Structure formats: C-alpha cells, structure tokens
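# Coordinates in review
For reference, the chains in residue letters:
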Amino acid sequence: MLRTRVAYTFLGTGSAALIVIILYYVFTGKGERVSVGWFLEQTSPYMWATVGIGLSVALSVVGAALGIHTTGVSIVGGGVKAPRIKTKNLISVIFCEAVAIYGLITAIVLSGMLEPFTFTRAMDIPEIRGQNWLSGYLMFGAGLSVGLVNLFCGIAVGIVGSGAALADAANSALFVKILIVEIFGSAIGLFGLIVGIYMTSKVKMGDKM
Amino acid sequence: MAGGRMCFDIFFCCLVVIFGGSCGAEFVPVLVWESNKPTDVQISSPALKKYSTDDFADFFINKLSAFGKKPLVVVFTEENLSVEDFSWQDLAENSVFPHLESVIATAANVDFIPSVSNPLKALQRLEKLGYQWQTVRDLETMNVPEHGGVVMVLEMENAKVDEDRPDFLRRHDCLISSVYSRLVSQADDVVAVYTGRYSSWIEPENEPVLHRVRRLLVEPAPNATVMLMNTSSILIYASDKPQVTESDIKKILTLLPDTVKRKESATYQSVRAKFSTNSTDQIILEFFFFNSTSSPGYWSLENVTYYINSPNHTNKMVLTPESGIVAPVMFSYHCSSKTVFKAVNISLTFQNFQAQPYMEKTKAFDDAYNCELFFTPPIWSGLFVTSILAFIMMWGLAMIMDIRTMDQYDDPKGKTITISVSE
C-alpha cells in the first residue's frame, strides 16, 4: 500500500539519519554533544511560542474538519431517504464546530501574550532569561495540548454524530439517547481548553521582571 | 634475485589463474609452423587483431584441410605465455628461443598470431573432425603415431623454484625443438603449435601509492608567524600573531618563547608568557583554564589577564572570551574563525586558535571541539519544525489516497436517478 510505503520511507530515512548522526558522536567520544538540554536552552523561545500558537489552531481545525466531514456525509446520505433528520442532526455539526472555536480562542489568547525581548538583556539577567524561556515552553505546551485534545475530540464527535444521523434516519426515537454520547465526547475538548488557559496564566514575556 | 623473480612469477601465475578462470577473456599468442608445405595457405589479416576462438578454429581447420591426408598435429602448451616472452632479449641481444628460431627458419608456413582467445578450446574441435586426441605425459615413453590424424598435446611443466623466467623458457625451447625433430624424423607431415593457456604479462602500476598523513599539530616552519605556547600540561596554538586593539590602537604581539611559565592550583591551571610589540611596550598574557565544578569533566578558558608595561603606565586588565571556550578534559578547543577576548575598550584577537590544558603529554593536541558546530541550534529548530510539517503532509497525503468514491452504480451513459421527495 502506498500509505505504508510512504510512512516507512519517512520513518526509515529519519531513523537511519538519526542513528548515523548519533553514533558518529558517540564513537568519537563526543557523546555529550548529543544533548537535548543544550537544544532546549539554545533554541529561541519565539520558535516554541509560535509553533504552539500554530499547532493550537491548526490541529483543532483539523479535528473539527474531520468531524464535520464524517457527520456531514452521513446526514446528507441519510437525508436522501429520511429528510426529517436534517435539521435535528445539525447539532452534531455544532458540537464539532465548538472544538474549532476552542482552538481559535487559545490561539488568540496566546498571540496576545507574545512579546519581544532583548537577547543581551536576557543573557545578562538570569531571571529575565528564565521568564522568557519559560513563557516559550508554556505557550508551546498550551498550544500543543489544546490542539491535540481538540483534534481527537473532533474526530470522536464526528463519528458519533454520523452514527446518530443514520440511527435517527432508521428510528427517530434513538436520536436523543445517542446525543448523550456526543455530549460526553464534546466535554473532553473542554478539558483541553481548561488546561491550556490555566498554563497560559503564567506566561510573561518581555524585558521587565 | 632469481628466487625473488621466481616468486614474482609464481605469484603472477596464481593471480592469472584466478583471473583467467573467472573471466576467461585471456588473449595468448600462438605460433604455428609446418614441416612440409602443401599449399600456400596463410592467414592474412591485420597483425594486432584479437582473434576469437571461432576465428582461430576456422583458420586452423583451413590450414589442415590443405593437406591431402591428415597430418600429425603437435601442440606445445605452457601455463603462461605472452608476446613479450617472444620479444624478450638479454644483454647480448639473444632471445629466449634460439632453437625455436632455427626450427622456424627451416619450417614451412610459419604463422604467429599475437592474441587469440582460448586457442586450446579451438584445437579441441579437431576431435570432431576425426583427429585422435592424445595427451603426452611422459616424454620417455612417448610413442610417435605411425599415421597422421592425431593431435598430441604436450603440457610443459611449471618452472622450478629457483628458475628465472628466461631460463625456464630456454628449457622449454630445448624440449620443443627436440620433440619436434623426433616427430619430423618419424612422421610425414607435422603441424606444430606453440601456445599458452593464460597470458603471463601484467603491467605493473606506475604511480607510487600516496599516503597522506593528517597532523593535528603542524610543525611550524622556521620563519613562520605562528604562536605556540608549550608547557608541561598546557598547549596553546594560534596560526598568526595575536592582535591587541586598545582604544583604536592596533598592536601585534610576538611571543618570547623563553618566558612561558605555568602555574597550577586546585581549581585552575594557568600559563603566562611575555610578548613584545614593535614599540617599547612589554605585554604579559596569562591564560586561566578552570576545571569546571558546575559540570565536572570539562575545562573552560574563563579569562585572559593582560598586563602592559609601557614607559607611560602599567596596567592590568581581565579579558573574557566573547563566546564560551569550554571542552571536556582530553579534548582540545579549536576555532578557525577569530577568537576574541574582550574587556572595556580593549580586545585581543587570535586566528585559528587551539588550546588544551590538563594534558598528560603535550606532544600533540587531542581531538578538537570546534567552535563551528555542524548542527547549530537554528538548524535543529528548522529540522524540528520542518519535520512537524512534513508529518502533517504525509498524513494528509495518506488521507487523500484513501478516498473511495461511491461509483459502483455509476453509469455515465445511463439515466440519472430521481427520487420523489416525501416528507
């Protein structure tokens, strides 16, 4: 299958390159140079923050899109023979959309917290440096957590919504009970948002203490 | 000398047997002569042409068919033979085959073909034409056949251990001429073939093998402007004289080698040396190498103390490096771009700086930690972000490849279906 072949090529070349590079360092006695700590310390907090912001909105929207795709297709398909389902089942789509909104909110909040800082001042004063680096990591963590949580939440709600639409098309009494499953699925998206907002409360970038 | 030459030949034989067995595209010379001259059948083609087995077989069969009745064919084969053996001459300009030369002078229809591929295989085709194949092992008990139509193959033995190749060929030369004369005396028509199984000449390589040796510590030429400070446990090198810029005044420092002194304490090792400039100032530089307590196993060049003794003033300043000079113990630090030590209003610059403290023997630098990294932090950041994006791309592509359209009942030429809407 093309999918597995592409995946294996990607992972295979990545692993091979990584092994060769790491073994070179290990065998020449410079093993300590392979240092994750050095990487984390030397990279710019701007990179971490902006990647977090990007991932929060991107992954959430992907989740919402997958969910709406799954449930929308079922509603359209089921609505051909049972047109009564189409209005009621839009609520599944709304649950999926909420997930995208969580991601958007987080991205906007994080973007507001992104401030410039002077590198030399940060190098001179360790507290400023610590603060800015911490903010970078926090924004990355918040964005990543919100993004991934919303991604899987959106997928789950979509699949459940699709099932609900088809069950409703078959027997309209089933819809209300299936909606409860969807509500639980939507709640986990909210967890991600809570954690993300809580993390961002500690963010403080800039040159001032 | 003769023994060495013989070993050389035996080694060549082995090599040639191995290669000849594997590739089989060996070209050997063939010398053919006859005792009588039936007709004028001669091979006529360019002298240096390479003959295949088939071409040689055709030529030889044509030659034999010119005889009325089948002649006696005698084949002398060596293990190794080449054109160079025939053209070899000693200092007195004698060749290795004096008897053979006299035989050929009296023979008829002499043909010398310099390169034939596998002539013995061609000669084996004579068996199909009704010739009897006879391999002669022992010369004493060799019986000359009465009638023709026999191919006698004489495989001449290998060289003796201490025999030169010319001597070896001369011995075979005597053997060939004696056997041939015996055969001629007893049989009517004799066709003789002298060839080898494999070629014996291999061109030696002309270029000598170059060994390039990389030296970490280059020996400075007598008049070079190299700075080298060598004490019992510290080694410092720079490829050019260091330069001091003090309040926009540039000075070039020349090391006075006898003034290099070492100092050691529990937390650091230091080396100090006097430098002269083109003015009357005298400058002392002291390099402090601390063994790091925060990260044990590493040494770091924390600062360089700069003392200046000029007629106007004396001064002491502490210069710190612009970028940290840290390396593990047993590794040196090297930077091919400028290494700068700075303080207020003053900077000290080295070119191609390499330093190592805490050495057991200061014969040569150990492996260097370079200031130029292969994977710098920006490169790693780029790789990190690019890998995230590439992963997303792969996932997207996989999803697109997975799309299955519902076209089982699609018929482009059929009627479009209509469904009556019922609420």
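Above this text sits the structure in question.
Structural notes, computed from the coordinates.

Calculation criteria
- Sequence order as written defines residue numbering, which begins from 1 separately in each chain.
- Chain labels run from A onward and ligand labels from 1 onward, assigned in the order the entries are written.
- Totals for whole chains, interfaces and linings use every residue, but because this is a predicted model, local features are given only for residues with pLDDT of at least 70 and side-chain atom pairs only at 80 or more, for both listing and counting.
- The side-chain values count all of the structure's non-hydrogen atoms but skip hydrogen atoms and water molecules.
- Strands here are runs of E lasting at least two residues and helices are runs of H or I lasting at least four, both read from the DSSP assignment and numbered beginning at the N terminus.
- Only protein chains enter the accessibility calculation, which uses a 1.4 Å probe. A residue is then buried if its area is under 20% of the maximum for its type, exposed if over 50%, and partly exposed in between.
- Contacts: residue pairs with any heavy atoms within 4.5 Å of one another.
- The Shrake-Rupley method, run with a 1.4 Å probe, gives the accessible areas here. Residue values count only the displayed protein chains as cover.
- Paired rings are identified among Phe, Tyr and Trp, the last through its six-membered ring, by centres lying within 6.5 Å, and are further divided according to the angle between planes into stacked (under 30 degrees), edge-to-face (over 60) and tilted (the rest).
- Buried area, as used here, totals the accessible surface that two parts lose on assembly, with accessibility defined by a 1.4 Å probe and the loss added over both.
- Salt bridge criterion: a side-chain nitrogen from Lys or Arg within 4 Å of a carboxyl oxygen from Asp or Glu.
- For this analysis, a polar contact is any N or O atom pair within 3.5 Å, provided that within protein one partner can donate a hydrogen and the other can accept it, and provided that sequence-adjacent residues contribute only side-chain to side-chain pairs.
- Whenever a helix is involved, its axis is fitted only over the stretch in contact; in every case the axis is a line through C-alpha atoms, and angles between N-to-C directions fall within 0 to 180 degrees.
- Working rule for angles: under 35 degrees goes down as roughly parallel, over 145 as roughly antiparallel, 65 to 115 as roughly perpendicular, anything else as oblique.
- Under the scheme applied here, ten amino acids are nonpolar (Ala, Val, Leu, Ile, Met, Phe, Trp, Tyr, Cys and Pro), four are charged (Asp, Glu, Lys and Arg), and all others, including Gly, are polar.
- Strands pair, by our definition, only if DSSP identifies at least two bridges between them.

Glancing now at the overall build of chain B. Of the regular secondary structure elements, chain B holds seven helices and 23 strands. Among the 423 residues that make up chain B, the fraction classed as buried is 40%. Considering only contacts within chain B whose residues lie at least 6 apart along the sequence, 66% involve residues at least 24 apart. Of the roughly 24,900 Å² of accessible surface on chain B, 55% is carried by carbon and sulfur atoms.

So, about the packing of aromatic side chains. In total, this model carries 28 aromatic pairs over all chains according to the counting rule given. Seen in terms of ring centroids, B:Tyr268 and B:Phe290 are 5.4 Å apart; in terms of plane orientation they differ by 50 degrees. Their pairing is tilted. Of the two residues, B:Tyr268 sits in strand S14 (residues 268-276) while B:Phe290 sits in strand S15 (residues 282-291), which places them 22 residues apart along the sequence. Here B:Tyr268 falls in the buried class, since its relative accessible area comes to 18%. Taking relative accessible area as the criterion, B:Phe290 reaches 25% and is therefore assigned partly exposed. Their ring planes at 70 degrees and their centres at 6.2 Å tell us that B:Phe391 and B:Trp395 sit as a pair that is edge-to-face. Taken together, the positions of B:Phe391 and B:Trp395, both in helix H7 (residues 377-401) and four residues apart, correspond to about one turn of that helix. Taking the relative accessible area as the measure of exposure, B:Phe391 reaches 47% and is therefore partly exposed. Following the ring pairs from residue to residue traces out a cluster consisting of A:Phe39, A:Trp48, A:Tyr137, A:Phe140 and B:Phe384.

Interface extent is often summarised as the accessible area lost during association of the parts. Residue-level contacts link 23 residues of chain A with 26 residues of chain B. Counting the surface chain A buries against chain B, the share from its top three residues, A:Phe10, A:Arg33 and A:Trp38, is 24%. There are zero salt bridges connecting chain A and chain B. In this assembly, chain A and chain B are joined by two residue pairs in polar contact (both at pLDDT 80 or more).

Residue and element names in this part refer to chain A. Relative to the helices and strands, Leu114 is located in the loop between helix H5 (90-113) and helix H6 (119-124). Taking the C-alpha atoms as reference points, Leu114 and Met205, separated by 91 residues in sequence, lie 6.7 Å from one another. The residues contacting Leu114, other than those within four sequence positions of it, are Ala49, Thr50, Ile53, Met139 and Met205.

This part takes up the packing of helix H3 (residues 45-81) of chain A against H5(A). All names here are of chain A. Closest axis-to-axis distance for the H3/H5 pair is 8 Å, and the angle between their directions is 170 degrees. Overall, the two elements H3 and H5 adopt an arrangement that is roughly antiparallel. Where H3 abuts H5, its residues Ile53, Ser56, Val57, Ser60, Val61, Ala64, Gly67, Ile68, Thr71 and Ile75 lie against Ser92, Val93, Cys96, Glu97, Val99, Ala100, Gly103, Leu104, Thr106, Ala107, Leu110 and Ser111. The residue makeup of the contact of H3 with H5, split by class, is 13 nonpolar, eight polar and one charged.

Let us now look at the side chain of B:Thr277. Residue and element names in this part refer to chain B. Counting through the fold element by element, Thr277 comes out in the loop between S14 and S15. Given a relative accessible area of 11%, Thr277 falls into the buried group. One polar contact links Thr277 to Ser279, side chain to side chain, over a distance of 3.1 Å. If near-sequence neighbours (up to four positions away) are discounted, Thr277 is found in contact with Lys251, Ile252, Leu253 and Ile283.

Looking at where B:Glu78 falls in the secondary structure, it is placed in strand S3 (residues 72-80). Among residues more than four places away in sequence, those in contact with B:Glu78 are B:Met156, B:Phe168, B:Leu169, B:His172, B:Tyr194, B:Thr195, B:Gly196 and B:Arg197.

Residue and element names in this part refer to chain B. Most of strand S4 (residues 108-117) is tucked away, with eight of its ten residues classed as buried. As judged from the six bridges shared by strand S1 (residues 27-34) and S4, these two strands associate in the antiparallel manner. Within the sheet, the bridge partner assigned to Phe27 lies in S4 and is Ser117. Sheet topology places strand S2 (residues 50-51) next to S4; two bridges connect them, and they run parallel. By the bridge assignment, Lys50 is partnered in S4 with Ser115.

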